[in-house]
Amino acid sequence: MAERSQTASEAGNDMGSDDTIGGNVSKYMVLPAGYCGQPKKGHLTFDACFESGNLGRVDQVSEFEYDLFIRPDTCNPRFRVWFNFTVENVKESQRVIFNIVNFSKTKSLYRDGMAPMVKSTSRPKWQRLPPKNVYYYRCPDHRKNYVMSFAFCFDREEDIYQFAYCYPYTYTRFQHYLDSLQKRNMDYFFREKLGQSVQQRQLDLLTITSPEDKSDLENSVMQKKIKIPKLSLNHIEEDGEVKDYGEEDSQLRHIKRPEGRKPSEVAHKSIEAVVARLEKQNGLSLGHSTCPEEVFVAASPGTEDMDSLEEAAVPRALYEELLRTYQQQQEEMRHLQQELERTRRQLVQQAKKLKECGALVSEMKELRDLNRRLQDVLLLRLGSDNLREGAEQKVVFITGRVHPGETPSSFVCQGIIDFLISQHPVARALREHLVFKIAPMLNPDGVYLGNYRCSLMGFDLNRHWLDPSPWAHPTLHGVKQLIIQMHNDPKTSLEFYIDIHAHSTMMNGFMYGNIFEDEERFQRQAIFPKLLCQNAEDFSYSSTSFNRDAVKAGTGRRFLGGLLDHTSYCYTLEVSFYSYIIGGTTAAVPYTEEAYMKLGRNVARTFLDYYRLNPMAEKLALPMPRLRADGEQETTGEMRPEGDSVNLVYRRCSATDLINITI
């Protein structure tokens, strides 16, 4: 029988505080207190036992109100932000109030209009609840914790409704996405297994760059034999006589002529044979030099008797009639043969021209393809110092989802990947000049379990870069070892490291950078955020800050910023869980999945702008980046004015500008 609900006080006595919640609810049906009958429609059933699910406890406060408790991260009760659960067995037009009562953070974007996400089985697209139905406040009934309450009305009894903190992006979805890319067999996309998590989930590393060995392409281009089509018909003489029609004209012949004879000779011989048969029947001999009149003179009445004359009179008249008929037929046949010959010649010529035109179209396509590949080789030879044998490889390393509940990170990362593997001219140029290493999901166990910040064993991986354990933090350990290996390789220059996160208290996308003693290096690292601000309307340069807080010492940005040399720049890219504000306006535009991916595409585009500006970096008059004093909180939601920024005039590069790019 389904479990019965309990009042808040009874549940507290049985389960203790909300910190002791150890697992997700599983098909938990909430029945009114004292109810003994069979469950009915409207007795809500809650479930979070699915991938990335999180709901630890449900208390029914009244007929319409429910207190919901977030399950803390596994092995770490400090973090309670992410929720993702389903509700079923609803009644049409049933109105409820759900209270999320145990958030671990006091500040939240719920104060600024953020609302939970919802979808149902008949409406599978995620939607935000109306902000007017969402309230965020401090509640004295729950240890003065902040509570997020939202009202909802179920409208379809057969539907299962799902609620989440933000757009979910599961480990399974990520694997299916990579599988689909791998099936496309792109020679510039390589997927490898860098390691495994504690629960043996795969840590994927993607490499996106043009193939290192271009010799095969160059050889195929240079050695390819192109047949240039002949536009003139050399086999047709000036007088129109066809010397050789080839195999194509065999189907156009109407007369099968004997070998070595012309059609007129065949017709003439056939008429001679008919005349010879008539002469034989009538006892006449008509040679080539004898005309009909001579025959008749030779057969005059004075030379033979009357009987012979009478017998010969009828065949002679018949012969004359037949002779006239044959002569007419011979003339008509001659004209017909001439007409047929002219028609045949015209058809043959048209067929030849059609064949040549078809060959010309085919050759034009082939030449276009050859031209494109020649351009690729030219770009490779003129601008791809990065890919020449023995040249230094310039690497951009991108990581994401080290905090599993920060799902926008995965959408941004997918946007980067989708753009880099596309056939866009900028993407092709980037692949020719740079090597992109991407680890999109550093914490697969936490993602699968529905944690917000920690791994399976309760570690915040973004605080253990200094000394990651191969058994407690295996994914982080594998990535760090790879980066150190590239750093020690003289043929590799790790130019960028970008770790993608989501922020729960600020709007827009923005970046965190490091502080350096070298003022020139310190100013140069502001170039990339500024360019990104020019490319992406949802990125705020004024919200970007640079710091070296002690509490951030274990992050990837801080650790690698101290490890790598002065040519490398390390950033944390943050994007809001909720919305962005476009410059010059005050209205918040909620993020969608597509908007997150668009930001990723703009991040990828900005690399080309950066390398186009690189030789001019010393000449740019950049403002001093905003500094944050040690210990200053980064979670402030106030937006700084745009007055501290400087407009940079720069030209975006296309694929044709590659020869002017200095890498």
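Basis of the calculations
Think of each chain on its own: its residues are numbered from 1, step by step along the sequence as written. Reporting of local features is limited, given that this is a predicted model, to residues whose pLDDT is at least 70; pairs of side-chain atoms are given and counted only at 80 or more, and all residues count toward the totals for whole chains, interfaces and linings. In computing side-chain values, all of the structure's heavy atoms are included and hydrogens and water are not. UniProt positions are given in the numbering used here, feature names are shortened, and annotations may be inferred rather than shown by experiment. Helix numbers and strand numbers start at the N terminus; a helix is a DSSP run of H or I with at least 4 residues, a strand a run of E with at least 2. Pairing of aromatic side chains requires ring centres within 6.5 Å, counting the rings of Phe and Tyr and the six-membered ring of Trp. Pairs whose planes differ by under 30 degrees are stacked, by over 60 edge-to-face, and all others tilted. Per-residue accessibility, obtained with a 1.4 Å probe over protein chains only, is compared with the maximum for each type, and a residue is labelled buried under 20%, exposed over 50%, and partly exposed between these values. Lysine NZ or arginine CZ positioned within 6 Å of the ring centre and within 35 degrees of the ring normal marks a charge as sitting over the ring. Whether two residues are in contact is decided by their heavy atoms, any of which lying within 4.5 Å being enough. Detection works on a 1 Å grid of protein atoms alone, calling trapped sets that fit a 1.4 Å probe cavities and calling open sets with protein on both sides within 12 Å along at least five of seven lines pockets, with lining residues defined by an atom within 4 Å of a point. Grid points are joined across faces, edges and corners, and a volume is the space filled by probe spheres set on the points. Gly counts as polar in this scheme, as do all residues outside two lists: the nonpolar Ala, Val, Leu, Ile, Met, Phe, Trp, Tyr, Cys and Pro, and the charged Asp, Glu, Lys and Arg. Any two strands between which DSSP finds at least two bridges are classified as paired. One less than the number of residues in a helix, times 1.5 Å, gives the span that helix is expected to have. The arc refers to the directions leading from the helix axis to the C-beta atoms. Only the stretch in contact is used when fitting a helix axis, every axis being a line fitted to C-alpha atoms; angles between N-to-C directions are given from 0 to 180 degrees. Oblique is the label for any angle not under 35 degrees, not over 145, and not in the 65 to 115 range, which are roughly parallel, roughly antiparallel and roughly perpendicular in turn.

Caption draft 1: Structural context of the UniProt feature "coiled-coil region" (unreviewed entry) in the chain. In this structure's numbering, the residues bearing the UniProt feature "coiled-coil region" (unreviewed entry) are residues 319–357. Here residues 319–357 is 100% helix and 0% strand, with 55 Å between the C-alpha atoms at its ends.

Caption draft 2: Broad picture of the packing of aromatic side chains. In the structure shown here, the tally under the stated rule is 44 aromatic pairs. With 4.9 Å between their ring centres and 55° between their planes, Tyr 580 and Tyr 591 make a pair best called tilted. In this pair, Tyr 580 sits in strand E20 (residues 579–581) while Tyr 591 sits in the loop between strand E21 (588–590) and helix H14 (593–613), placing the two residues eleven residues apart along the sequence. Summarising the burial analysis for this pair, Tyr 580 and Tyr 591 share the class buried. For the ring pair Tyr 610 and Tyr 611, a centre distance of 5.2 Å and an interplane angle of 90° mean the geometry is edge-to-face. What makes Tyr 611 buried here is its relative accessible area of 2%. Just above the ring of Phe 69 sits the side chain of Arg 57; from NZ or CZ to the centre is 3.9 Å. Of note, Arg 201 hangs over the ring of Tyr 448, and the distance from its end group to the ring centre comes to 3.8 Å.

Caption draft 3: Looking closely at the environment of Ile 160. One can find Ile 160 in the loop between strand E10 (146–154) and strand E11 (161–164). The spatial distance from the C-alpha of Ile 160 to the C-alpha of Val 87 is 5.9 Å, given a sequence separation of 73 residues. Setting aside chain neighbours within four positions, we find Ile 160 in contact with Thr 86, Val 87, Glu 88, Lys 119, Ser 120 and Thr 121.

Caption draft 4: Looking closely at empty space enclosed by the protein. All chains considered together, the criterion is met by six cavities of 30 Å³ or more. Lining the largest cavity are 14 residues; nearest its centre among them are Ser 197, Val 198, Asp 445, Ser 455 and Thr 475. Taken together, the elements giving at least two residues each to the lining of the largest cavity come down to helix H9 (444–449) and helix H10 (474–488). Of the residues belonging to the lining of the largest cavity, the class tally is eight nonpolar, five polar and one charged.

Caption draft 5: Region of the structure containing the pairing of strand E6 (residues 94–100). Of all seven residues in E6, five are buried; the element is thus mostly enclosed. In this sheet, E6 lies alongside strand E4 (residues 65–69) in parallel orientation, the contact comprising four bridges. Counted as the bridge partner of Asp 67 is Asn 99 from E6. In the sheet, E6 pairs with E10 via seven bridges, with the strands oriented antiparallel. Looking across to E10, one finds that Ile 100 is bridged to Met 148.

Caption draft 6: Fine view of helix H2 (residues 171–182). With twelve residues, H2 should reach 16 Å at 1.5 Å per residue; the first-to-last C-alpha distance of 17 Å fits that figure. Of all the residues in H2, the buried ones are Tyr 171, Phe 174, Gln 175, Tyr 177, Leu 178 and Leu 181. Along the axis of H2, the buried residues cluster in a sector spanning 160°; they form a single face. Looking at the packing, one finds that the buried side of H2 touches strand E12 (189–196), strand E13 (202–208), helix H7 (408–420) and H9.

Caption draft 7: Structural detail: the packing of H2 against H7. Two numbers describe how H2 lies on H7: the axes approach to 13 Å, and their chain directions differ by 0°. Between H2 and H7, the crossing angle belongs to the class labelled roughly parallel. Side by side, H2 and H7 meet where Arg 173, Tyr 177 and Leu 181 of the first sit next to Phe 411, Gln 414, Ile 417 and Asp 418 of the second. Grouping the constituent residues of the contact of H2 with H7 by class yields four nonpolar, one polar and two charged.

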